[in-house]
Amino acid sequence: MTPEPTAEISSVSTAFTEAFGRRPDGVWAAPGRVNVIGEHTDYNDGFVLPMALPHGVRAAAGRSRHARVRVLSLQEPGAPVTVELDARPGDVTGWAAYVAGVVWSLRTAGYDVGGVDLAVDGDVPAGAGLSSSAALECSVACALNELFGLGIEPVDLARLAQRAENDFVGMPCGVMDQMASVNCREGHVLFLDTRSMVTEQVPFDPASRGRTLLVIDTHAPHRLVDGEYAKRRAACEAAAATLGVAALRDVALDELDTALARLDDATQRRRVRHVVSENARVEDVVRTLRTGELDEIGPLLTASHASLRDDYEVTVGELDTAVEAALSAGALGARMTGGGFGGCVIALVPRDRADTVVEAVRAAFSDAGYAEPSAFTAVPAPGARRLF
């Protein structure tokens with residue numbers, strides 16, 4: 001017996017029917033993510049530890065006899081955007097570029113993707129650093145993979161979605177966001193080696209230990225994030241070249257001082273120190289979670305934030321204020337998450353202190369003249385899948 005669709009499925013399915021005059025062939029979903037630890041390591045062939053969020057993007061899709069892509073978003077007013085199947089980078093701008101980029105990535109990789117109609121709907125907070133773009137890309141990629149019988153395995157699908165963002169949209173992100181959106185499992189964090197693409201599903205259930213993982217959205221506008229992100233990636237690549245390694249992943253923690261001494265550029269030294277120490281922190285967190293000692297990851301989260309603030313220089317006042325207030329109010333550890341320059345902070349807190357921590361952050365923001373933040377509890381959710 002086919003289950004009744006949820007309200008979220010019905011909403012996007014109805015929008016599809018109203019726009020295109022027929023029912024969709026199915027509805028697919030992909031989640032946003034929050035990164036527990038491992039920031040700016042993925043494009044350095046390093047380690048990351050994301051988890052999927054209950055928030056995501058749903059894509060109602062149906063094959064079309066027309067050689068084009070038509071897509072509408074419930075978050076964007078107006079008629080569906082029409083994109084030719086042979087659209088190239090630069091031909092499409094705005095939110096629809098992420099959809100067009102997935103089609104372009106699949107087709108240029110040799111996959112036979114034809115005309116398709118899509119309606120998308122999402123509830124990942126935009127601009128919060130929770131990978132709303134990856135959720136959009138991966139929901140569309142999963143829909144196309146099944147609609148056209150492409151048979152693409154999850155890791156390859158994530159890489160193709162990443163290529164859409166890198167080469168079509170023009171954002172030089174690593175592969176973590178797409179891998180998390182496609183491959184995460186409910187009740188787990190995803191330990192990913194971004195070089196080998198080997199993954200491990202590590203159980204993560206703070207609630208069973210009387211703990212809560214808060215996501216605090218600072219609502220700080222991203223400031224120069226695209227150009228600054230690219231600058232940091234370039235600095236890492238230049239430092240790796242000077243050190244004679246394929247990527248900063250190849251510099252071990254016990255070799256860090258020697259490596260830093262070989263770099264003349266002070267900025268590069270700071271970037272390298274962050275990446276190498278952050279990789280070590282990811283491995284330490286994973287080892288700790290395997291033993292079930294959840295509270296012991298708190299200081300590692302806080303150390304990660306300090307490194308991102310001082311060495312990678314991607315925090316802003318709102319992020320630092322949120323971390324400081326959360327720690328002062330009893331958080332066991334806190335850090336910015338995502339690319340930085342705005343976005344969110346995570347805080348591991350005793351469950352009975354969660355409200356106190358949120359109120360402390362709000363009070364600190366009010367005192368600093370910042371916009372009021374919001375918060376929610378992060379629960380490890382499943383990855384991309386067909387809903388209906």
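Engineer: Please explain the sheet that holds strand S8 (residues 211-217) as it appears in this structure.
Structural biologist: What holds strands together in a sheet is hydrogen bonding between their backbones, with the strands either parallel or antiparallel. Spatially, 4 strands are ordered S9-S10-S8-S11 in an open sheet, and the strand pairing comes out antiparallel. Either end of the sheet is taken by a strand with one partner, and the two such strands are strand S9 (333-337) and strand S11 (374-377). Neighbour to neighbour, the strand axes of the sheet diverge by 25 degrees on average, direction disregarded. Pairing between S8 and strand S10 (residues 344-350): 7 bridges, direction antiparallel. Its bridge partner being in S10, Leu213 is matched across the sheet by Leu348.

Engineer: Would you mind showing me how to read helix H10 (residues 317-328) here?
Structural biologist: Given 3.6 residues per turn, any residue in an α-helix points the same way as the ones three and four places further on. In this model, H10 (12 residues) spans 16 Å end to end at C-alpha, consistent with the 16 Å of a helix rising 1.5 Å per residue. Burial in H10 covers these residues: Glu318, Leu319, Asp320, Thr321, Ala322, Val323, Ala325 and Ala326. Among the residues trailing H10, Gly330 stands out with phi positive, at a value near 115 degrees.

Engineer: Mind showing me how you'd approach unusual backbone geometry here?
Structural biologist: The general pattern is negative phi for most residues beyond glycine and trans for most peptide bonds. Phi angles above zero are rare outside glycine, and His40 is one such case at about 60 degrees. Among the secondary structure elements, His40 is positioned in the loop between strand S1 (26-37) and strand S2 (47-63). Classification of His40 as buried rests on a relative accessible area of 5%. We note that Phe341 has phi near 65 degrees; this positive angle belongs to a residue other than glycine. Residue position: Phe341 is located in the loop between S9 and S10. Residue classification places Phe341 among the buried residues on the basis of a relative accessible area of 8%.

Engineer: Please explain helix H4 (residues 154-169) as it appears in this structure.
Structural biologist: Taking 1.5 Å as the rise per residue, H4 with 16 residues should run 22 Å; its terminal C-alpha atoms sit 21 Å apart, in good agreement. For H4, the complete set of buried residues consists of Leu157, Ala158, Leu160, Ala161, Gln162, Ala164, Glu165, Asn166 and Phe168. In this structure, the buried side of H4 is in contact with helix H2 (96-108), helix H3 (132-147) and helix H5 (176-183). Where H4 terminates, the next one or two residues include Gly170, which has phi positive at roughly 95 degrees.

Engineer: How should the pattern of salt bridges be read in this particular structure?
Structural biologist: Pairing between side chains of opposite charge can happen when their charged atoms approach one another. A complete count under the given rule lists 24 salt bridges for this structure. Here Arg58 makes a salt bridge to Asp121, at a shortest N to O gap of 3.5 Å. Note that Arg58 is positioned in strand S2 and Asp121 in strand S5 (residues 116-122), a separation of 63 residues in sequence. Glu313 is the partner of Arg271 in a salt bridge, and the nearest nitrogen-oxygen pair spans 2.7 Å. Residue Arg271 is found in helix H8 (residues 266-291), and its partner Glu313 is found in the loop between helix H9 (298-310) and H10; the two are separated by 42 residues along the sequence. Look at Arg271 and you get buried, because its relative accessible area is 6%. The structure contains a network of salt bridges with shared partners spanning Glu39, Glu278, Arg281 and Arg335.

Engineer: Can you walk me through the packing of aromatic side chains in this structure?
Structural biologist: For any pair of aromatic rings, the description rests on two quantities: the centre-to-centre distance and the angle between the ring planes. Counting across every chain of the model gives 5 aromatic pairs. Judged by centre distance (5.8 Å) and plane angle (40 degrees), the ring pair of Phe47 and Phe191 falls under tilted. Of the two residues, Phe47 sits in strand S2 while Phe191 sits in strand S6 (residues 188-193), which places them 144 residues apart along the sequence. Like Phe191, Phe47 is buried. Pairing Trp104 with Phe168 gives two aromatic rings, centres 5.7 Å apart and planes at 50 degrees, and the pair type is tilted. Highlighted residues: Trp104 in helix H2 and Phe168 in helix H4, separated in sequence by 64 residues. Phe168 matches Trp104 in its accessibility class, with the two residues each being buried. Between the NZ or CZ atom of Arg271 and the centre of the ring of Tyr312, over which it lies, the distance is 5.7 Å.

Engineer: Can you walk me through the packing of H10 against helix H11 (residues 354-368) in this structure?
Structural biologist: Describing two packed helices takes the angle between their axes plus the distance from one axis to the other. Two numbers describe how H10 lies on H11: the axes approach to 8 Å, and their chain directions differ by 135 degrees. Considering the angle they form, H10 stands oblique to H11. Of the two elements, H10 crosses H11, and the hand of that crossing is right-handed. On H11, the residues touching Glu318, Thr321, Ala322, Ala325 and Ala326 of H10 are Val357, Ala360, Val361, Ala364 and Phe365. Along the lines of polarity and charge, the residues of the contact of H10 with H11 split into 8 nonpolar, 1 polar and 1 charged.

Engineer: Looking at this structure, how should I read empty space enclosed by the protein?
Structural biologist: With a probe scaled to a water molecule rolled over the atoms, the places where space remains empty come into view. Following the criterion strictly, the structure yields 1 cavity of 30 Å³ or more and no others. In this structure, the largest cavity occupies an estimated 40 Å³ of space. As for the largest cavity, its lining consists of Val83, Glu84, Leu85, Ala87, Ala100, Val103 and Trp104. Contributions of two or more residues to the lining of the largest cavity are made by strand S4 (81-84) and H2. Its residues assigned to classes, the lining of the largest cavity shows 6 nonpolar, no polar and 1 charged.

Reading the values: rules and limits
- Residues numbered from 1 in each chain as written.
- Predicted model: local features only at pLDDT ≥ 70, side-chain atom pairs only at ≥ 80, totals over all residues.
- Heavy atoms only, no water.
- Pairing = 2+ DSSP bridges.
- Helix = DSSP H or I, 4+ residues; strand = E, 2+ residues; numbered from the N terminus.
- Axes fitted to C-alpha atoms, helices over the stretch in contact; angles between N-to-C directions.
- Expected span 1.5 Å × (residues − 1).
- Buried < 20%, exposed > 50% of the residue type's maximum accessible area, 1.4 Å probe, protein only.
- Contact = heavy atoms within 4.5 Å.
- Salt bridge = Lys/Arg side-chain N within 4 Å of Asp/Glu carboxyl O.
- Phe/Tyr/Trp six-rings, centres within 6.5 Å; stacked < 30°, edge-to-face > 60°.
- Lys NZ or Arg CZ within 6 Å of the ring centre and 35° of its normal.
- Parallel < 35°, antiparallel > 145°, perpendicular 65-115°, else oblique.
- Left-handed = near helix turned anticlockwise from the far one by under 90°.
- Nonpolar A, V, L, I, M, F, W, Y, C, P; charged D, E, K, R; others polar.
- 1 Å grid on protein atoms, 1.4 Å probe; cavity = no way out; pocket = protein on both sides within 12 Å on 5 of 7 lines; lining within 4 Å.
- Points joined across faces, edges and corners; volume = space filled by probe spheres on them.

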